[in-house]
Amino acid sequence: MCSARIRLQAVQNALTTIQAGTFVDGADFLLLPDGKRVKISGGPGTSDQHVLLDGKPVCCLCFSGRTAGLTLSGLGTPHEHTASHIQQYPVLEVRAMRASDQGINVLDMWAVIYALFTKYHEQETIPIILSAYITNAADLRSYILRSGLGRVSPSRDISQEYLFLMRATLWQGAGQAGFHEHGWLPPSDSSRCALSLFPSVQSFTRTPLVIAAHPLRPPKPKQGELLYKRYCPSVGQTLDSTYFDLGSGEGVSAHLEAFHRWQNNERVNKGWNESGSLEKHLKYVKGVMNDPAVLPMMMSWDGDLMGYAEIVWLKENHVATYIPNGPKDWDRGIHALVGEEKYRGSVRAQAWFRSVFHYCFLADPRTERAINEPRSDNASMIKVSIDAAMHIETIFNFPHRRSVMTCMPRERFFKMDVL
């Protein structure tokens, strides 16, 4: 029971470490995936806040003096008007600022919402009103509602003028695909195809370790294709995840050189057991690149390579046998390493580890959970997992080692502000 309480406390700590109303670590800006900088001036004690995009005014956020809460399950019950546990948040009025153009385009509106939930990340919803003086207010309202970024209250007591922006849907990518190409999954041939879900049709895998029926998987990205990009305020740097690049065939690519060097590091080899020659590592990487069930990617901080990750489809992975009740069709597994010593540490580990989950859940909304299965004696990785709000699903024995299976459900990731 003591260890269980410790794990639960770790989850709580992971979800309540940032002070309300501030960007992480006191920063006053947010970098968008396209490199533009969003800044919100002012604070809860001021009458209004100005949102600037690369120094240019986008809108003004005015505190209306009113509060509102999104009551759902209590409607039509005796608790509808007495549910004190429903958080009431300040209502913000969004006003345009440009003298020559009183409209706000969709991309800028998404940037404003992203910045708001970065600054006020502890709020599940942010109630807003679009000023009638915004010339395209009707279009913006349609964008917010149709994309799922926000909703209206079903209560007759709450004005239908109020739009409740939702933190969980923002982080799920609402308002990006089909509206603009500046989100966390950068524009590419594969991401454009992802505007519609890859169809589900049965396929089959037979290997020495796996015999499984499973959905056909999407084609692999191009070598060197950028898969995910997000500024991590806790670190103050941007995390890039790129599909492994073996280069043109002349010389050793930067990805392969780093992978080879990392695998021959004693610390990394203890967990991966893949030390060896460059030829061995080239063969290894080619093997995973040719495997439809494995996505090998390199991770960087501001373009500087720092680690490697493999994201697998669990149905056709050898760990599937050990998952209680088995994996679902679109569940994914994660194996990762930090190769550069200067990029180790708990703060960075939480930033990149949670971002890998974020990619998994963004890449296909049918992915209901992601798991990790570190060695049972890898205390640091188990701690990283627990601190990231994962839970221990089981402890089991591979033929070659004992492992702890940790699990991140999709619903928890988006609802509990894990990022």
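In the block above lies the structure referred to throughout.
If you're wondering where the values come from, they're calculated on a predicted model, not measured in any experiment. (Residues numbered from 1 in each chain as written. Predicted model: local features only at pLDDT ≥ 70, side-chain atom pairs only at ≥ 80, totals over all residues. Heavy atoms only, no water.)

Caption draft 1: Region of the structure containing the environment of Val312. Here Val312 lies in strand 14 (residues 304–313). Using a relative accessible area of 3% as the deciding quantity, one classes Val312 as buried. Through-space distance from the C-alpha of Val312 to that of Asp331 is 8.6 Å; in sequence the pair is 19 residues apart. Residues in contact with Val312, not counting those within four places in the same chain, are Ala293, Val294, Asn317, Asp331, Arg332, Gly333 and His335. (Helix = DSSP H or I, 4+ residues; strand = E, 2+ residues; numbered from the N terminus. Buried < 20%, exposed > 50% of the residue type's maximum accessible area, 1.4 Å probe, protein only. Contact = heavy atoms within 4.5 Å.)

Caption draft 2: Representation of the side chain of Thr125 within the structure. Residue position: Thr125 is located in strand 6 (residues 125–130). Since its relative accessible area comes to 10%, Thr125 is described here as buried.

Caption draft 3: Structural detail: helix 10 (residues 379–387). Here helix 10 has its buried residues at Met381, Ile382, Val384, Ser385 and Ile386. Just beyond helix 10, the residue with positive phi is Ala389, at close to 75°.

Caption draft 4: Fine view of the sheet that holds strand 13 (residues 294–301). Strand order in this open sheet of eight strands is 11-12-13-14-15-16-18-17, and the pairing throughout is mixed. The sheet is open, and its two borders are formed by strand 11 (226–232) and strand 17 (391–397), each paired with just one other strand. Direction aside, neighbouring strands of the sheet carry axes that sit 25° apart on average. (Pairing = 2+ DSSP bridges. Axes fitted to C-alpha atoms, helices over the stretch in contact; angles between N-to-C directions.)

Caption draft 5: Fine view of the state of the cysteines. In total, this model carries zero disulfides according to the counting rule given. Distance from the sulfur of Cys59, which forms no disulfide, to the nearest cysteine sulfur (Cys60) is 7.4 Å. The structure places no disulfide on Cys60, whose sulfur is separated from the nearest cysteine sulfur, that of Cys62, by 3.6 Å. Given a relative accessible area of 9%, Cys60 falls into the buried group. (Disulfide = S-S within 2.5 Å.)

Caption draft 6: Molecular detail of the packing of aromatic side chains. If you walk through the whole model with that rule in mind, you get 22 aromatic pairs. Ring geometry for Phe29 and Tyr231: centres 6.0 Å apart, planes at 35°, overall tilted. With Phe29 in strand 1 (residues 29–31) and Tyr231 in strand 11, the pair connects residues that are 202 residues apart, well separated along the chain. When the ring of Phe353 is compared with that of Phe357, the centres are 4.8 Å apart and the planes differ by 70°; the resulting orientation is edge-to-face. With Phe353 and Phe357 both in helix 9 (residues 346–363) and four residues apart, this pair spans about one turn of that helix. (Phe/Tyr/Trp six-rings, centres within 6.5 Å; stacked < 30°, edge-to-face > 60°.)

Caption draft 7: Representation of helix 2 (residues 106–119) in the model. Relative to the 20 Å expected for 14 residues at 1.5 Å per residue, helix 2 spans 20 Å between its end C-alpha atoms, a close match to the ideal helical length. Burial of helix 2 is extensive: 13 of the 14 residues sit out of reach of the surface. For helix 2, the side-chain oxygen to backbone nitrogen distance between the N-cap and Leu107 is 3.2 Å, and the N-cap itself is Asn105. (Expected span 1.5 Å × (residues − 1). Polar contact = N/O pair within 3.5 Å; in protein donor to acceptor, adjacent residues only side chain to side chain.)

Caption draft 8: Structural detail: the pattern of salt bridges. Taken as a whole, this structure holds 16 salt bridges when the rule is applied. Between Asp377 and Arg375 there is a salt bridge, and its shortest N-O distance comes to 3.1 Å. Taking the shortest distance from any N to any O, the salt bridge between Lys383 and Asp387 comes out at 2.6 Å. Remark: Asp387 and Lys383 occur in helix 10; sequence separation between them is four residues, near one turn of the helix. Residues joined in a network through salt bridges with shared partners are Glu257, Arg261 and Glu340. (Salt bridge = Lys/Arg side-chain N within 4 Å of Asp/Glu carboxyl O.)

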